[in-house]
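Each chain is listed here by its residues.
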Amino acid sequence: MKGYIEERAVDIANYIIEYNATVRQTAKKFGISKSTVHKDVTERLTQINPSLADRARVVLDLNKSERHIRGGLATKEKYLHKNQYQGY
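Residues numbered from 1 in each chain as written. Predicted model: local features only at pLDDT ≥ 70, side-chain atom pairs only at ≥ 80, totals over all residues. Heavy atoms only, no water.

1. Regarding the environment of Tyr19
Residue placement: Tyr19 occurs in helix H1 (residues 3–19). The exposure class of Tyr19 is exposed, given its relative accessible area of 53%. (Helix = DSSP H or I, 4+ residues; strand = E, 2+ residues; numbered from the N terminus. Buried < 20%, exposed > 50% of the residue type's maximum accessible area, 1.4 Å probe, protein only.)

2. Regarding the pattern of salt bridges
A complete count under the given rule lists 4 salt bridges for this structure. A salt bridge links Asp40 to Arg44, with the shortest nitrogen-to-oxygen separation between them at 2.4 Å. Of this pair, Asp40 and Arg44 both sit in helix H3 (residues 34–48), separated by 4 residues, roughly a single helical turn. On the basis of relative accessibility, which here comes to 0%, the residue Asp40 falls in the buried class. A single salt-bridge network, built from bridges that share partners, covers Arg8, Asp40 and Arg44. (Salt bridge = Lys/Arg side-chain N within 4 Å of Asp/Glu carboxyl O.)

3. Quick word on the side chain of Thr22
One can find Thr22 in the loop between H1 and helix H2 (23–30). Owing to a relative accessible area of 16%, Thr22 belongs among the buried residues under this scheme. Not counting residues within four places of it along the chain, the set of residues in contact with Thr22 comprises Asn63 and Arg70. (Contact = heavy atoms within 4.5 Å.)

4. As for the nonpolar core
Core analysis: the largest hydrophobic core is formed by 13 residues, its most contacted members being Ile12, Ala13, Ile16, Val37, Val41 and Leu45. Elements supplying a minimum of two residues to this core: H1, H3 and helix H4 (50–85). Examining the composition of this core, we find that 5 residues originate from one element, H4, more than from any other. (Core = buried A, V, L, I, M, F, W, Y, C linked by side-chain atoms within 4.5 Å.)

Put into structure tokens, the structure is as follows:
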């Protein structure tokens, strides 16, 4: 594995842990795809730094368990704003 990929994987994990970031937020921050973020944390990082990978995995698992709630809140917010502009 190339050095910059290892460094990126560590940086991604630290970002996820520090900010409780989702895969989508992390991908946007680093300018990479969601699948690359996932692969860096779940595959590459386990070879580089297993304890850091485990800590990042805890945050990702928590985010995954809460995503249906976030989606519902986002939909609610969308329709609240939509109705507000239509005078409802």
